[in-house]
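Examining the three-dimensional arrangement
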Amino acid sequence: MQQNIIFVKNYETYCSIGIYPNEKKNKQKIRISIKLGLKKVGKKDKLNDTVSYETIIEYLEKIEGFSHFNLVETLALKTANHFTKFKMINLIEIEIVKLKILKQNTDVGFFMKKIIK
């Protein structure tokens, strides 16, 4: 079985996210990667047979303007729910990383895999 995936990897932006008071005051830098599984690849070499990278990036650009999230998991779910609207998608993988929030440049984050039937 073939799985066709379009992705945007390591997109960096800022987001109001976190449970601690200092996280609620200032936006944090996050890195987000999205993989979208396509049910099929169009044979006609037409953009409307796929999901454009531009469509994914346009959504990611909106994240900085979202209201505050306490949990990374909530942002991942909101993002996944957005992409479930596309009928040609059968798989969504999202990885969100909060950058350098601990000592020694340690990153933490969340990974979600959603299979759409």
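Before reading further, recall that the structure is shown in the block above.
Residues numbered from 1 in each chain as written. Predicted model: local features only at pLDDT ≥ 70, side-chain atom pairs only at ≥ 80, totals over all residues. Heavy atoms only, no water.

**Re helix α3 (residues 72-83)**
For α3, spanning twelve residues, the distance from its first C-alpha to its last is 17 Å, which sits close to the expected 16 Å at 1.5 Å a residue. Val72, Leu75, Ala76, Thr79, Ala80 and Phe83 are the residues of α3 that are buried. Seen from one end, α3 has its buried residues packed into an arc of 135 degrees, which puts them on one side. Of the surrounding elements, those touching the buried residues of α3 are β1 (4-15), β2 (28-38), α2 (53-62), β3 (89-98) and β4 (108-115). (Helix = DSSP H or I, 4+ residues; strand = E, 2+ residues; numbered from the N terminus. Expected span 1.5 Å × (residues − 1). Buried < 20%, exposed > 50% of the residue type's maximum accessible area, 1.4 Å probe, protein only. Arc of directions from axis to C-beta. Contact = heavy atoms within 4.5 Å.)

**A word on the packing of aromatic side chains**
Taken as a whole, this structure holds four aromatic pairs when the rule is applied. Relative to Phe83, the ring of Tyr59 has its centre 5.5 Å away and its plane inclined at 70 degrees; by these criteria the two rings are edge-to-face. Of this pair, Tyr59 sits in helix α2 while Phe83 sits in helix α3, and the two are 24 residues apart along the sequence. Residue Tyr59 shares its accessibility class with Phe83, and that shared class is buried. Centre to centre, the rings of Phe66 and Phe69 are 6.1 Å apart; their planes meet at 70 degrees, and the pair counts as edge-to-face. For Phe69, a relative accessible area of 8% translates into the label buried. One aromatic cluster is present, formed by Tyr59, Phe66, Phe69, Phe83 and Phe86 through successive ring pairs. (Phe/Tyr/Trp six-rings, centres within 6.5 Å; stacked < 30°, edge-to-face > 60°.)

**Observations regarding the environment of Phe86**
Within the secondary structure, Phe86 is located in the loop between α3 and β3. Between the C-alpha atom of Phe86 and that of Thr13, which follows or precedes it by 73 residues, the distance is 24 Å. When sequence neighbours within four positions are dropped, the list of residues in contact with Phe86 reads Val51 and Thr55.

**Some details on the environment of Glu54**
Position of Glu54 relative to the elements: it lies in helix α2. Judged by relative accessible area, which is 54%, Glu54 ranks as exposed. Placed 30 residues apart in sequence, Glu54 and Thr84 show a C-alpha to C-alpha distance of 17 Å.

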